[in-house]
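Close look at the chain arrangement
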Amino acid sequence: MSAPVYLFSGPEIGERNEAVAAVKSSLQKKFGSLEVYSYYSVETDPQSALVQLYSESLFSAATCVVYNGAETIKKKEDIEKIEAWAKGAGEASVLILVSDSISCDSKLEKIVPKENRKQFWEMFENKKVPWLKNYFSKNGLSIGDDACEEILDLVENNTQALKSECSRFFVCFEPGAEITVQNVDQLIEHNREESPSTLFEAMAQNSKSASERLETALGILQKLSKESASVAIIIGLSYCFRRLEAWHNLKRSGMTDDFSLKTNGFASKKSRTTYEQAGKVWTFGQTIAIKALLARADIQVRSTGSGMEDVILQTLIYAIVMKKGASLSVWQEGWPV
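Residues numbered from 1 in each chain as written. Predicted model: local features only at pLDDT ≥ 70, side-chain atom pairs only at ≥ 80, totals over all residues. Heavy atoms only, no water.

Describing the state of the cysteines
We apply this condition: Note that a disulfide, as used here, is simply two cysteine sulfur atoms within 2.5 Å. Classification of residues uses two cut-offs on accessible area relative to the type maximum, computed with a 1.4 Å probe and protein chains only: under 20% is buried, over 50% is exposed, and between them is partly exposed.
Taken as a whole and assessed by the stated rule, the structure comprises zero disulfides. Among the cysteines around Cys148, which has no disulfide bond, Cys166 carries the closest sulfur, lying 8.2 Å off. Residue Cys148 is classed as buried on the basis of its relative accessible area of 0%. You can see Cys240 has no disulfide; the closest cysteine sulfur is in Cys104, sitting 19 Å from it.

Below, the structure is given as structure tokens:
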């Protein structure tokens, strides 16, 4: 019997999430009831996530743990613990490892049966426009090449993000309408939902001055903090700066060919542009310092009352943009230390 552990990796989030959902659905049908837990490597270590699998549920026949950020699992003791669990686990306990990168630690991959490993690559560049045209056509609209290219410039190039953003058109336009570049700008550019990724992009605009980037970033933060928990914002930014660290490592090692970039999660033109800009804003050393600031802010947010969250986040953004990761040691007008 195969070990009840899966590894789904790669930048194509839409298809990857569908694979995760298929495993959950299969467990639900097989056992009748299922408890699902999701963990992220930036806030939960692998061994802590395993505790949930070792604990039998009182309310469901099966348990599924989804662990995001599997590419960070490198410690020998963590891998050994996962291997020990996999060898003794029953079929009613399932671990799904998820990674934005194509590959994970080779020792971790060996634990996962070959039939339970799958890589999800981003669409080839020459397939993206046809995919969009087909998607709009299925939903009763037509769209030209220029409008498709505009969407691809504005939206992360994975099927989940594209479907989410393009769904607006199916609500706002009557069947048979043709979508233009102007329509795309009106619906996506001017009504774009903010996220930790858009916050990172705003801070990474190297063509703007630090003060301009700070002003834009704080505006996004104000909107974002009304919709998302502070911890979620910090987790999202931590992910972006981990990717920036990976980008710097690729640049330093000369691995900037198309294959290397794709296998490390930089498949789309948009992501490459974003991290190329970010790499010019923050050096490798500053990126490491910012990761430490984010970890410290995470602890502060979790340990202080909600009344301090806005101050912590605003100070964090100031330190990232204006101080490039250096701690705020001197009081400045309007900013707490």
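Concerning unusual backbone geometry
Note the cut-off: Strands are runs of DSSP state E lasting at least two residues, helices are runs of H or I lasting at least four, and both sets are numbered from the N terminus onward.
In this structure, Lys324 is a non-glycine residue whose phi angle is positive, near 55°. Residue placement: Lys324 occurs in the segment after α15 (309–321).

Notes on the pairing of strand β4 (residues 93–99)
Stated precisely, the cut-off is as follows: By the convention used here, strands pair only if DSSP detects at least 2 bridges between them. Here a crossover is taken to be right-handed if, once the strands point away from the viewer, the path from the first strand over the helix to the second is traced clockwise.
Counting buried positions over the seven residues of β4 gives seven, a clear majority of the element. What you see with β4 is no split at all: Ser93, Leu95, Leu97 and Ser99 on one side and Val94, Ile96 and Val98 on the other are buried throughout. Sheet analysis places strand β3 (residues 62–68) next to β4, joined by six bridges and oriented parallel. Of the residues in β4, the one forming a bridge with Cys64 is Val94. Each parallel crossover has a hand, and the one from β3 via helix α3 (residues 76–88) to β4 is right-handed.

Regarding the nonpolar core
The cut-off we apply is this: Residues belong to one nonpolar core when they are buried, are Ala, Val, Leu, Ile, Met, Phe, Trp, Tyr or Cys, and are joined through side-chain atoms within 4.5 Å. Here a residue-residue contact requires only that any non-hydrogen atoms of the pair lie within 4.5 Å.
Ranked by internal contacts, the top residues of the largest apolar core, which has 39 residues, are Leu199, Phe200, Met203, Phe241, Trp282 and Ile317. Counting only elements with at least two residues in this core, the list comes to α9 (196–203), α10 (210–227), α11 (230–252), α13 (269–281), α14 (284–303) and α15. Sorting elements by how many residues they give to this core places α11 first, with 10 residues. When near neighbours in sequence (up to four residues on either side) are disregarded, Met203 contacts Arg213, Ala217, Leu237, Phe241, Val281, Trp282, Ile317, Ile320 and Val321. Of all hydrophobic cores here, the second largest spans 22 residues; its members include Tyr67, Ala86, Ala89 and Leu97.

So, the packing of helix α1 (residues 13–31) against helix α7 (residues 159–172)
Inclusion rule: What counts as an axis is a line fitted to C-alpha atoms, over the stretch in contact for a helix, and the angles between N-to-C directions run from 0 to 180 degrees. With respect to orientation, any angle under 35 degrees is reported as roughly parallel, any angle over 145 as roughly antiparallel, any angle of 65 to 115 as roughly perpendicular, and every other angle as oblique. Any residue outside Ala, Val, Leu, Ile, Met, Phe, Trp, Tyr, Cys, Pro, Asp, Glu, Lys and Arg is labelled polar, Gly included; the first ten of those are nonpolar and the last four are charged.
Interhelical geometry of α1 versus α7 gives an angle of 100° and a closest axis separation of 5 Å. As judged from the angle between their axes, α1 and α7 are roughly perpendicular. On α7, the residues that touch Ile13, Gly14, Glu15, Asn17 and Glu18 of α1 are Thr159, Gln160 and Lys163. Taken together, the residues that form the contact of α1 with α7 break down as one nonpolar, four polar and three charged.

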